[in-house]
Amino acid sequence: MTELVEPSAPAGAARWCDRCGESVAAGPHLACAAARALEPPRWCAHCRRRMKVQVVPTGWSAVCVEHGEIRG
């Protein structure tokens, strides 16, 4: 389960794939969706910035400087 820690993320659908950073309008990201089941996001889905990711035995956290932190 992914929870948003920082409330500053914009509402609405994501414009960018959070794994590869490409536009979600470019087509289905089936390989990205399969990989995301096992690994954290690397790109902010709202602004396409590369996020700082930390993986620990109990989960992960990813931080976008603009939109805050998400945990999983």
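Preceding this paragraph is the structure being described.
In this text the structure is predicted, and so the values were computed from the model without any measurement.

With respect to the pattern of salt bridges
Applying the stated criterion across every chain yields a total of 5 salt bridges. The partner of Glu39 in a salt bridge is Arg19, with the nearest N and O atoms 3.2 Å apart. Of the two residues, Glu39 is situated in the loop between helix H1 (30–36) and strand E2 (52–56) and Arg19 in the loop between strand E1 (3–4) and H1; the sequence distance between them amounts to 20 residues. As a salt-bridge pair, Arg71 and Glu69 come within 3.4 Å of each other at their nearest N and O atoms. For Arg71, a relative accessible area of 43% corresponds to the partly exposed category. A residue is classified by how much of its surface remains accessible, and Glu69, at 18% relative accessible area, is buried.

Regarding the side chain of Ser61
Topologically, Ser61 is positioned in strand E3 (residues 59–64). Residue Ser61 is classed as buried on the basis of its relative accessible area of 12%. What Ser61 contacts, discounting residues up to four positions off in sequence, is Lys52, Val53, Gln54, Glu69, Ile70 and Arg71.

Concerning the environment of Val63
If you trace the backbone, Val63 turns up in strand E3. With 10 residues separating them along the chain, Val63 and Val53 place their C-alpha atoms 6.5 Å apart.

A short note on the state of the cysteines
On inspection of all chains with the given rule, the structure shows 0 disulfides. Here Cys20 stays free of any disulfide, with the sulfur of Cys17 as its closest cysteine sulfur at 3.6 Å. Cysteine Cys32 remains unbridged, with the sulfur of Cys17 as its closest cysteine sulfur at 3.6 Å.

Basis of the calculations
Residues numbered from 1 in each chain as written. Predicted model: local features only at pLDDT ≥ 70, side-chain atom pairs only at ≥ 80, totals over all residues. Heavy atoms only, no water. Salt bridge = Lys/Arg side-chain N within 4 Å of Asp/Glu carboxyl O. Helix = DSSP H or I, 4+ residues; strand = E, 2+ residues; numbered from the N terminus. Buried < 20%, exposed > 50% of the residue type's maximum accessible area, 1.4 Å probe, protein only. Contact = heavy atoms within 4.5 Å. Disulfide = S-S within 2.5 Å.

By themselves these figures say nothing about function.
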